[in-house]
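Residues per chain are reported as follows:
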Amino acid sequence: MYANINGTKIFFDVEGVGWEKVGTALKEKPVCFILHGGPGGTHLGFKPHFNELKQCAQLVYIDNRGSGLSNCGPKSSYSIENNVEDVEALRKYLGLKKIYILGHSYGGMVAQSYALKYQKNLHGLMLLTTAASSSFLEKPKSFILEQGNEEQIEMAYVLWEGSFQSQEQLSKYYEVMAPLYSLKAEASVLATPPLGNRSFEALNESFGNFLTVFDVTNEIPTIKIPTLVMAGRHDWITPVEESEKIAELIPHSELKIFEYSSHNVPIDEPMLFFETVNTFIQSKGGRKMEKAKELIGFEKEAQRLVDKYSIPGTSVALAQDGEVVYSKGFGFRNVEESLPINLDTVFGIGSITKSITCVAIMQLQEQGKLSVHDPVVQYLPEFVLKDSSTIKEMTIHHFMTHSAGLPPLSSLYYALRRTMEKDSSVKDHKSLQVEDQDFDYVDTYEELMRFIGELDIELLGKPGMHFSYSNDSYALLGTIIERVSGKKYEQYCYDHIIKPCGMDRSFFTIEEYKENENIQMSYALDEEGGKKCVYQAPIWWDAPAMRAAGFLKSTAADMLKYTEIFRNSGVVNDKRILSEESVELMMDCHIETQPGKYYGYGLMITPDYFGTRLVEHGGNLKAIAAQMSILPEEGLTGITLTNLAGVPASRVMELAINDYQGRNVNVSHADLPEVEVPLEVLESFSGEYVSNEGMKVVIEIENGKPTFTYQGGTHPVKTVGENLLLATVQDMKELIQIHRDENGNAVRITCHYREFPKVSSKQKV
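Source: prediction; values computed, not measured.

Enquirer: Is there a simple way to think about the overall build of the chain in this case?
Expert: Within the chain one finds 22 helices and 33 strands. Over its C-alpha trace the chain gives a radius of gyration of 30 Å, about what one expects of a compact globule, namely 27 Å for 765 residues. Within the chain, the fraction of its 765 residues that count as buried is 60%. For the chain, restricting intrachain contacts to residue pairs at least 6 apart in sequence, the fraction spanning at least 24 positions comes to 67%. Here the chain has roughly 30,300 Å² of accessible surface; of this, 49% comes from carbon and sulfur atoms.

Enquirer: Looking at this model, I keep getting lost on the sheet that holds strand β22 (residues 612–621). Mind explaining?
Expert: Pairing between the strands of a sheet comes from backbone hydrogen bonds, and it takes one of two forms, parallel or antiparallel. Pairing in this open sheet of 8 strands is antiparallel, and the strands run β12-β11-β24-β23-β22-β21-β20-β19 from one edge to the other. The sheet terminates laterally at β12 (323–331) and β19 (591–594), the two strands that pair on one side only. Each strand axis lies, on average, 20° off the axis of its neighbour in the sheet, ignoring direction. Pairing of strand β11 (residues 313–320) with strand β24 (residues 636–642) involves 7 bridges; the strand directions are antiparallel. The partner of S315 across the bridge, within β24, is L641. The strands that helix α19 (residues 556–567) touches are β11, β12, β23 (624–631) and β24; relative to β24, the one it contacts most, it runs at about 145°.

Enquirer: Even after reading the chapter, I still don't get the confidence of the model for the chain, so can you show me in this structure?
Expert: Confidence along the chain averages 89 in pLDDT terms, with 94% of residues attaining 70 or more. Below pLDDT 50 for its whole length, residues 285–292 participates in 21 contacts with residues either more than four positions away or in separate chains. Scored below 50 in pLDDT, residues 761–765 makes 16 contacts in the model with residues more than four places away or belonging to other chains.

Enquirer: Please explain the sheet that holds strand β33 (residues 754–757) as it appears in this structure.
Expert: With antiparallel pairing, the 5 strands of this open sheet are ordered in space as β29-β30-β31-β32-β33. The sheet is open, and its two borders are formed by β29 (717–721) and β33, each paired with just one other strand. Mean inter-strand twist for the sheet, computed between neighbouring axes without regard to direction, equals 30°. One ladder, built from 4 bridges, connects strand β32 (residues 746–751) with β33; its direction is antiparallel.

Enquirer: What exactly am I supposed to notice about the pattern of salt bridges here?
Expert: On inspection of all chains with the given rule, the structure shows 40 salt bridges. Close ionic contact of D542 with R547 constitutes a salt bridge, the shortest N to O distance being 2.5 Å. Of the residues examined, D542 reaches a relative accessible area of 17% and is grouped as buried. Shared partners join several salt bridges into a network, and the residues in it are E88, R91, K92, K120 and E580.

Enquirer: Can you help me understand the side chain of H104 in this one?
Expert: Considering the arrangement of structural elements, one finds H104 in strand β7 (residues 99–104). Overall, H104 belongs to the buried group, its relative accessible area being 7%. At a separation of 3.2 Å, a polar atom in the side chain of H104 contacts the main-chain carbonyl oxygen of H263. If sequence neighbours within four positions are ignored, H104 has contacts with L35, H36, G37, F46, L128, T129, H263 and N264.

Enquirer: Can you walk me through helix α14 (residues 411–420) in this structure?
Expert: Each turn of an α-helix holds 3.6 residues, which means side chains three or four residues apart point in the same direction. Of all 10 residues in α14, 9 are buried; the element is thus mostly enclosed. The set of residues buried in α14 consists of S411, L412, Y413, Y414, A415, L416, R417, T419 and M420. Close packing links the buried residues of α14 with α15 (445–453), α16 (471–485) and β22.

Enquirer: Looking at this model, I keep getting lost on the state of the cysteines. Mind explaining?
Expert: Each disulfide consists of a covalent bond between the sulfur atoms of two cysteine residues. Using the criterion set out here, one finds 0 disulfides in the structure. Distance from the sulfur of C501, which forms no disulfide, to the nearest cysteine sulfur (C493) is 11 Å. The class of C501 is buried, set by a relative accessible area of 0%.

Enquirer: How do you make sense of the nonpolar core when you look at a structure like this?
Expert: Grouped burial of nonpolar side chains is what soluble globular proteins tend to show. Judged by nonpolar contacts, the single largest core of 102 residues is most densely connected at F383, M394, M400, Y562, I565 and F566. Setting aside anything within four residues of it in sequence, one finds I565 in contact with I497, C501, G570, V572, I577, L578 and V583. F33, L35, A132 and L137 belong to the second largest nonpolar core, which has 60 residues in total.

Enquirer: Before we go on, may I ask you to explain the packing of α16 against helix α17 (residues 489–498) in this structure?
Expert: Between two packed helices, what matters for the description is the angle formed by their axes and the separation of those axes. α17 packs onto α16 with a crossing angle of 75° between their chain directions and a minimal axis gap of 8 Å. Our classification of the angle between α16 and α17 gives roughly perpendicular. Seen from α16, the contacting residues are G478, I481, E482 and S485; seen from α17, they are Y489, E490 and Y492. Per-class residue counts for the contact of α16 with α17 are 3 nonpolar, 2 polar and 2 charged.

Enquirer: Looking at this structure, I do not really get the packing of helix α4 (residues 150–161) against helix α5 (residues 167–181). What am I missing?
Expert: With their axes 10 Å apart at the nearest point, α4 and α5 run at an angle of 125° to one another. One way to sum up the angle between α4 and α5 is to call them oblique. Of the two possible hands of crossing, α4 and α5 adopt the one that is left-handed. Every residue of α5 that contacts α4 at E151, Q152, M155, A156, V158 and L159 is listed here: Q169, K172, Y173, V176, M177 and L180.

Enquirer: Quick question: what am I supposed to make of a negative patch on the surface here?
Expert: Among the surface-exposed residues, E336, E337, E515 and E517 lie close enough to one another that they form a single negatively charged patch. By the secondary structure assignment, E336 is in the loop between β12 and β13 (347–348). Owing to a relative accessible area of 48%, E336 belongs among the partly exposed residues under this scheme.

Enquirer: I would appreciate a short explanation of the packing of aromatic side chains in the present structure.
Expert: Between two aromatic rings, the relevant description is the distance of the centres plus the angle of the planes. All chains considered together, the criterion is met by 29 aromatic pairs. Judged by centre distance (4.9 Å) and plane angle (85°), the ring pair of Y413 and Y414 falls under edge-to-face. Neither Y413 nor Y414 differs from the other in exposure class; each is buried. Each ring, one from Y414 and one from F451, has its centre 5.3 Å from the other, and the planes form 45°; the classification is tilted. Taken together, the positions of Y414 in helix α14 and F451 in helix α15 put the pair 37 residues apart, joining distant regions of the chain.

Enquirer: It is not clear to me how the side chain of S77 should be interpreted in this structure. Could you clarify?
Expert: Following the sequence through the fold, S77 ends up in the loop between β6 (58–62) and α1 (80–93). A distance of 2.6 Å separates a polar atom in the side chain of S77 from the backbone oxygen of P74.

What counts and what doesn't
- Residues numbered from 1 in each chain as written.
- Predicted model: local features only at pLDDT ≥ 70, side-chain atom pairs only at ≥ 80, totals over all residues.
- Heavy atoms only, no water.
- Helix = DSSP H or I, 4+ residues; strand = E, 2+ residues; numbered from the N terminus.
- Rg over C-alpha atoms; globule rule 2.2 N^0.38 Å.
- Buried < 20%, exposed > 50% of the residue type's maximum accessible area, 1.4 Å probe, protein only.
- Contact = heavy atoms within 4.5 Å.
- Areas by Shrake-Rupley, 256 points an atom, 1.4 Å probe, with all protein chains shown as cover.
- Pairing = 2+ DSSP bridges.
- Axes fitted to C-alpha atoms, helices over the stretch in contact; angles between N-to-C directions.
- pLDDT = per-residue confidence, 0-100.
- Salt bridge = Lys/Arg side-chain N within 4 Å of Asp/Glu carboxyl O.
- Polar contact = N/O pair within 3.5 Å; in protein donor to acceptor, adjacent residues only side chain to side chain.
- Disulfide = S-S within 2.5 Å.
- Core = buried A, V, L, I, M, F, W, Y, C linked by side-chain atoms within 4.5 Å.
- Parallel < 35°, antiparallel > 145°, perpendicular 65-115°, else oblique.
- Nonpolar A, V, L, I, M, F, W, Y, C, P; charged D, E, K, R; others polar.
- Left-handed = near helix turned anticlockwise from the far one by under 90°.
- Patch = residues over 30% accessible without salt bridge, like charges linked within 9 Å, V, L, I, M, F, W, Y side chains within 5 Å.
- Lys, Arg positive; Asp, Glu negative; His and termini not counted.
- Charge placed at Lys NZ, Arg CZ, Asp CG, Glu CD.
- Phe/Tyr/Trp six-rings, centres within 6.5 Å; stacked < 30°, edge-to-face > 60°.

Right, here's the structure in full:
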């Protein structure tokens, strides 16, 4: 079969069925692309020794461009880069989502390169007797001189130099060298069809040109997907040491050495080879679940947290490859009436809304209406600050990454004040206990910009230098979206994101739900007198000027649809919401928020979360604690929604993922080992740190150890670095970073992702 892709005609062959009967049901089989060796090889000499694998996967064999039955073309097009793009184009041509790749020899080099660029499209990577750089050639050259006969030495140097003159000479090479490639050379020759389809031109082009500079050793540590590395103990051309090096470099990879094999393992040890690959495919990668999974360990621990923090209602759901595999409602959406929670129960999502704002910005960039690198004053000419020169350097990118240099401000308080004045529960929301000043309400974008412009703000530094979570930046992104699109921010999101994703129960205001009853009751927590009392607080807070920062309401079902944007490369329900390039930009590590954790566009990124990438965001406001988590390479997405503020929604989500992925349910990726820090350094941390957004932190030293007081409670803390403290707050790990001046004095703190000063250097408002 042929596919016309990337300006050439690529031959592929499919072996095995895509579905198998399991009991009375049909189960979809994984798909595995098989990449032949060579270069200049062909699937024809490959297929007879691999067909047993069709028992565990549907196999797709590919002939590289210029090789086998594929079209030839300019020799300059025979490159690893083009081979990679042909594989990706064929995946799309066949309408496939995630696949496995098994690359042998040169095919393994293509497979590594594919994984580096497109690992989001792979369930798993299998590398068979290959290498990560051209340095693999040094040992074979020594081997052939020491152990090869005269004819083998002569033919080997034709290979090294890329100087084959004819197909006959190439056939002679494989005839002479066969005993080196396989310990069962005679059986190999008998089982393999004639090799007339091999291309000596492609072989010459590689060994005489691009293969001499091939080197991905510095890049493959970024491969996070399940990887199986296979080597033959007696391999002469890609020695076992090369596979050992690959396995050492790729995190969490598995190495299998076949003790009685040379280069052609499937011929030398076929049964063990099939068993090894079958086990890998059956136990690794993002296989679909046939039914909803039970998470008994998670449910026990989640219930403990629900009870400990008096959470009235919690909705938790997981999806694998876009299919809901687990959902659970703890407690009630309305405790007094014992109303249950399901996937369609409406909760607030808070700052998870920020990712939706960034999707809108990226769409407008794709439409050519703006660039994330445009200065914000291009769209907001009335936005002014005391530092008139630095404001001109602030770009949309800086707003999206919380790196414009703006410190935490009290804007949100004044934007919320109209609804807060109607709500007696406001006294129990410690995160918004700001000192009330003589400022007007902030109801519009223009009033927000005027409010900020009147503040005596001392910037944290030049744009791009400091990460400090900024609701104001995101509110102003909403302004830019309105001015560029010509639509209200909320309407733009409905028309271009929310409705196309099929999120039919997601709105920015509670009034839009009309008479619908499946909506959370909001609750607040009164802790006066040392006693906890959870009570109804039904008023929903709203801030029209800051809706782009965190005011969408949604459901677990709708949010799992939304997460498909990031799991499925921008496509939801067969509709493209964002380009693949825009999705990757959103999930890129643009600025470090704390050691090992970064911010993308509206998303937090942890590159190494138990060996894979975690993309996430939380949300907190009155009666809202929410968490969205995505493991793109694992095909796993999750959402936790609650109806009480300040509770550990992110920890609940982490527990669910732990149990689902087979880890101890109670482990925490955020935990760090304690380190010793000199007492004089610790003493410099002591003091009060106050944010204009309403946060107050007190650090004291007692018996040589730091203590951490936050929102009225003192929490366990340990030193995990010279300027780093790790606290446990509400069962969640909170990393606190101390910023010191050139004299070693602590001047600012980063806590809860906000950077703010000691009281002595508090900015005036």
